[in-house]
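These are the residues of each chain, in order.
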Amino acid sequence: MKLLMKEWKLCMHPTGYLMPLMAGLVLVPGYPYGVCCFYVGLSIFFICLTAREDHDAGYTLMLPVSRQDAVRARILFCAGLETADLLLMGVFILIKNVIGSLPNPAGLDAGVALIGEGMILFAIFNLVFFPVYYQEISKPGKAFAFAATAMFLWIVLEIVGTYTVPFFRDILDQPDPMYMSDKLLFTLGGLALFLAGTARSIQLSAKKFEAADLSL
Amino acid sequence: MASEINSPLEVRGLSKKYPAFTLRDVSFRLAPGCITGFIGRNGAGKTTTINAMLSFVHPDSGEITFFGRPWAEHEREIKEKIGFVSTGMTYHTRKKLKAITAVTRAFYPAWDGKAYEKYMTAFGLDGEKTPAELSNGMKIKYALALALSHGAELLILDEPTSGLDPVSREELVEVFLRLKEEGKTVFFSTHITSDLEKCADRILFLQQGCLKADEPLNAFREAWRIAECAGEMPPALVRAACGTCRTRDGFTVLVRKENAEAFNARKASLEEIMVHLEKEADRT
């Protein structure tokens with residue numbers, strides 16, 4: 001908890017407050033909504049970049065905490081931003097459904113399934129970004145390049161899937177509340193992947209960070 | 001045996017190999033309540049040694065204990081008893097000192113708010129300022145205030161006086177002497193040896209990754225003499241020389257005290273000893 005507070009008070013980058021609001025892009029017609037999650041990934045990159053410039057690792061590792069604690073706190077803090085983004089996305093989806101929604105030609109419609117899609121995207125981001133970042137914390141750009149590429153590949157697959165894969169095209173990409181049980185199941189699956197992916201990311205990242213020689 | 005267990009820091013056989021540099025078999029132990037100067041030129045391995053001591057880098061071999069306890073099993077409790085201050089306090093330079101303090105204090109059960117206020121006042125620090133607004137000397141003082149407020153008994157200082165003007169350096173040396181009076185142990189890495197002449201009890205001299213001396217300051221200085229020589233050096237002096245430097249009028253030559261009588265040699269400063277030995281190492 002103390003380390004989470006440290007992340008918030010000392011490491012939070014202004015984009016960490018702003019980027020989750022990009023969930024509001026679900027109000028824009030004809031937009032690849034998975035990109036909303038990319039913006040949060042961008043803010044996480046900025047947090048790690050600022051942490052490097054502020055020599056946060058040197059500060060944190062002299063506190064009475066272990067490297068593993070430091071890794072866990074950073075990833076959980078970022079997972080908190082991702083969760084905020086998904087919750088806001090839920091709010092904007094509700095608003096969009098109230099004011100009336102047209103089908104989205106650029107991927108999934110703004111519906112329940114999109115939240116599951118966002119969770120999968122964040123699971124991918126966390127699994128790629130943090131282990132690469134903690135292998136060499138002086139190079140957050142490298143980690144972000146890998147993670148952003150992985151996210152965009154999944155977004156492309158998702159968009160293509162809404163035209164070619166029957167489950168995506170005929171069920172997930174249909175307006176709510178159609179096929180709600182299937183969509184909820186998909187979203188629950190996304191939640192499971194998000195939780196498992198983040199937990200695995202913590203494990204892998206802590207292992208990489210433990211093994212790293214730091215130049216502080 | 002009991003005093004060994006109570007040593008604030010003991011390093012045994014520390015080695016670390018990099019492609020272009022190797023730290024070889026460094027061993028020493030600090031006496032409690034003393035100021036130990038850790039000297040050597042830039043690149044000698046001082047920071048590597050400190051990074052290995054604090055587990056920032058993983059040594060290839062060696063054993064490091066703080067207060068008789070190994071880092072791996074006692075990391076948290078060791079960190080509560082030590083303070084580390086590096087060149088300039090560069091952490092979170094755009095945050096107010098009071099914000100950094102508020103975060104930091106939460107991690108230390110033994111945090112002493114009164115001591116913190118005392119040191120902030122004594123050092124002339126304002127919690128509303130950010131590290132970016134402080135001079136390098138004030139940054140060091142703030143880092144010291146944090147370390148002392150959580151009850152650090154051992155202070156590890158990596159080049160704390162580098163880049164400071166002579167007055168600021170003098171002020172910091174006075175702080176270190178005051179800390180020694182309070183019973184703190186200070187491990188002070190620097191290449192500005194004149195600061196150590198004023199405060200150190202013991203000297204560790206690191207040269208090209210090897211510890212060349214681990215002695216009381218006075219004994220280390222006493223062991224050497226400087227002979228001055230205008231023009232060509234006599235053969236006897238060449239044979240006795242342990243390091244030679246050019247000067248405006250000729251040469252200064254470092255010789256061992258026992259060989260110095262014939263050359264009308266004078267006492268050597270710490271800086272002269274280090275510079276001459278480094279020149280000799282470069283030459284060979």
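Residues numbered from 1 in each chain as written. Chains lettered and ligands numbered in written order. Predicted model: local features only at pLDDT ≥ 70, side-chain atom pairs only at ≥ 80, totals over all residues. Heavy atoms only, no water.

Points about the packing of aromatic side chains
And then number 1: Tallying each qualifying case throughout the model produces 26 aromatic pairs over all chains.
And then number 2: Ring geometry for B:F176 and B:F188: centres 5.0 Å apart, planes at 70 degrees, overall edge-to-face. Here B:F176 is found in helix α7 (residues 166-181), whereas its partner B:F188 is found in strand β8 (residues 185-190), with twelve residues between them in sequence. One exposure class covers both B:F176 and B:F188, and it is buried.
And then number 3: Here the aromatic residues A:F38, A:Y39, A:F45, A:F46, A:F144 and A:F152 are joined through ring pairs into a cluster of three or more.
And then number 4: Taking the ring centre of B:F67 as reference, the NZ or CZ of B:K81 above it sits at 4.2 Å. (Phe/Tyr/Trp six-rings, centres within 6.5 Å; stacked < 30°, edge-to-face > 60°. Helix = DSSP H or I, 4+ residues; strand = E, 2+ residues; numbered from the N terminus. Buried < 20%, exposed > 50% of the residue type's maximum accessible area, 1.4 Å probe, protein only. Lys NZ or Arg CZ within 6 Å of the ring centre and 35° of its normal.)

Observations concerning the layout of surface pockets
Residues and elements named next belong to chain B.
And then number 1: One number sums up the size of the second largest pocket: a volume of about 380 Å³.
And then number 2: What lines the second largest pocket is a set of 20 residues, and nearest its centre among them are A52, S55, H58, W71 and A72.
And then number 3: Every element with two or more residues in the lining of the second largest pocket is listed here: α2 (46-53), β4 (61-66) and α3 (71-81).
And then number 4: Counting residues per element, the lining of the second largest pocket draws most heavily on α3, which supplies four residues.
And then number 5: Of the residues assigned to the lining of the second largest pocket, the class counts are eleven nonpolar, four polar and five charged. (1 Å grid on protein atoms, 1.4 Å probe; cavity = no way out; pocket = protein on both sides within 12 Å on 5 of 7 lines; lining within 4 Å. Points joined across faces, edges and corners; volume = space filled by probe spheres on them. Nonpolar A, V, L, I, M, F, W, Y, C, P; charged D, E, K, R; others polar.)

A look at the confidence of the model for chain B
Caution is warranted with low-pLDDT regions, since their predicted coordinates should not be read in detail.
And then number 1: Summing up the model confidence of chain B, the mean pLDDT is 89 and the portion of residues at 70 or higher is 98%.
And then number 2: Predicted complex metrics record ipTM = 0.87 and pTM = 0.89. (pLDDT = per-residue confidence, 0-100.)

A few points about unusual backbone geometry
And then number 1: Note the cis peptide between A:D176 and A:P177, where omega equals 5 degrees.
And then number 2: Its place among the elements puts A:P177 in the loop between α8 (166-172) and α9 (180-211).
And then number 3: The phi torsion at A:H55 lies on the positive side, around 50 degrees, for a residue other than glycine.
And then number 4: In this structure, A:H55 sits in the loop between α3 (35-53) and α4 (56-62).
And then number 5: The backbone of B:E159 shows a phi angle near 50 degrees, a positive value even though the residue is not glycine.
And then number 6: Position of B:E159 among the secondary structure elements: in the loop between β7 (154-158) and α7.
And then number 7: With relative accessibility at 8%, the residue B:E159 sits in the buried group.

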